[in-house]
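Reading the structure
Spelled out, the chains give:
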Amino acid sequence: METKFNFNSQMCTTREQSERLLALGLKKETADMFYVAIHNGAKIVRYRVLPIYNECDFETFIDDIPAWSLHRLIEMMPYCIEMNNKYWCLQISKGYVRYAHNGIEKPYIGYIQKLNTFDAIIECIEWLIKEDRFNKKYLI
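Parameters at a glance
Residues numbered from 1 in each chain as written. Predicted model: local features only at pLDDT ≥ 70, side-chain atom pairs only at ≥ 80, totals over all residues. Heavy atoms only, no water. Pairing = 2+ DSSP bridges. Helix = DSSP H or I, 4+ residues; strand = E, 2+ residues; numbered from the N terminus. Axes fitted to C-alpha atoms, helices over the stretch in contact; angles between N-to-C directions. Phe/Tyr/Trp six-rings, centres within 6.5 Å; stacked < 30°, edge-to-face > 60°. Core = buried A, V, L, I, M, F, W, Y, C linked by side-chain atoms within 4.5 Å. Buried < 20%, exposed > 50% of the residue type's maximum accessible area, 1.4 Å probe, protein only. Parallel < 35°, antiparallel > 145°, perpendicular 65-115°, else oblique. Contact = heavy atoms within 4.5 Å. Nonpolar A, V, L, I, M, F, W, Y, C, P; charged D, E, K, R; others polar. Arc of directions from axis to C-beta.

**With respect to the sheet that holds strand E6 (residues 96-100)**
- Taken together, the four strands give an open sheet; going across it, the order is E4-E5-E6-E7, and neighbouring strands pair in antiparallel fashion. Looking at the sheet topology across the chains shown, the edges are occupied by strand E4 (80-83) and strand E7 (108-113). This sheet shows a mean twist of 20° between the axes of neighbouring strands, independent of strand direction.
- One ladder, built from four bridges, connects E4 with strand E5 (residues 86-93); its direction is antiparallel. Bridge pairing links Ile 81 to Trp 88 in E5.

**Quick look at the pairing of strand E2 (residues 43-51)**
- Where strand E1 (residues 33-40) meets E2, eight bridges bridge the pair, whose relative direction is antiparallel. Counterpart to Met 33 in the pairing with E2 is Pro 51.
- Between E1 and E2, which pair antiparallel one after the other, the connecting turn spans two residues, and Gly 41 there sits at a positive phi close to 75°.

**Details of the packing of aromatic side chains**
- Here the structure, examined in full by the defined rule, presents five aromatic pairs.
- Between Tyr 35 and Tyr 47, the ring centres sit 6.5 Å apart and the planes meet at 85°, which makes this aromatic pair edge-to-face. Taken together, the residues Tyr 35 in strand E1 and Tyr 47 in strand E2 connect sequence positions 12 residues apart.
- Among the aromatic residues, ring-to-ring pairing joins Tyr 96, Tyr 108 and Tyr 111 into one connected group.

**A word on the nonpolar core**
- Residues Met 77 and Tyr 99 are the most contacted members of the largest nonpolar core, which totals 26 residues.
- Broken down by secondary-structure element, the contributors of at least two residues to this core are helix H3 (70-76), E4, E5, E6, E7 and helix H4 (117-130).
- Of all the elements, H4 adds the most residues to this core, at eight residues.
- One finds Cys 12, Met 33, Tyr 35 and Ala 67 within the second-largest nonpolar core, a separate group that totals five residues.

**Let's talk about the packing of helix H1 (residues 15-24) against H4**
- With their axes 11 Å apart at the nearest point, H1 and H4 run at an angle of 5° to one another. In terms of orientation, H1 lies roughly parallel with respect to H4. Along its contact with H1, which presents Gln 17, Arg 20, Leu 21 and Leu 24, the element H4 presents Phe 118, Asp 119, Ile 122, Glu 123, Ile 125, Glu 126 and Ile 129.
- Here the residues of the contact of H1 with H4 sort into six nonpolar, one polar and four charged.

**Observations regarding H1**
- All of the buried residues along H1 are Gln 17, Ser 18 and Leu 21. Around the axis of H1, the buried residues are gathered within 100° of arc, so they sit on the same side. For H1, exposure combined with an orientation more than 90 degrees from the buried face picks out Glu 16 and Ala 23.
- Looking one or two residues beyond H1, the residue adopting positive phi is Gly 25, at roughly 105°.

Below, the structure written as structure tokens:
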């Protein structure tokens, strides 16, 4: 029996998701990848995703569209936050993100559920920014 797998995993934010993160105020320097335009003369024919390995790479791609891997987005989110004199810890699963606290009536805050985990994380980052809980060193 032959099993064929067709994995189409998203490896980084889409260009639209990247634009949303930039609109939220994330610094381009926090990206760990970039969409680089591939030109045919004056016309852009497609984009290619390239990882950023060092500052030299970043300087090369500064004019292109930044992209964030799932790992980088999670890395920037606070592991725990304090609200209402309680500590809430980050929980991520396929399609949802939340900050949870055990032992109380409302066991979580900042609960976001989406079909796409990247969209859920981006919306949670937006919530964290509004609640003044996102690390300002990542923001413009």
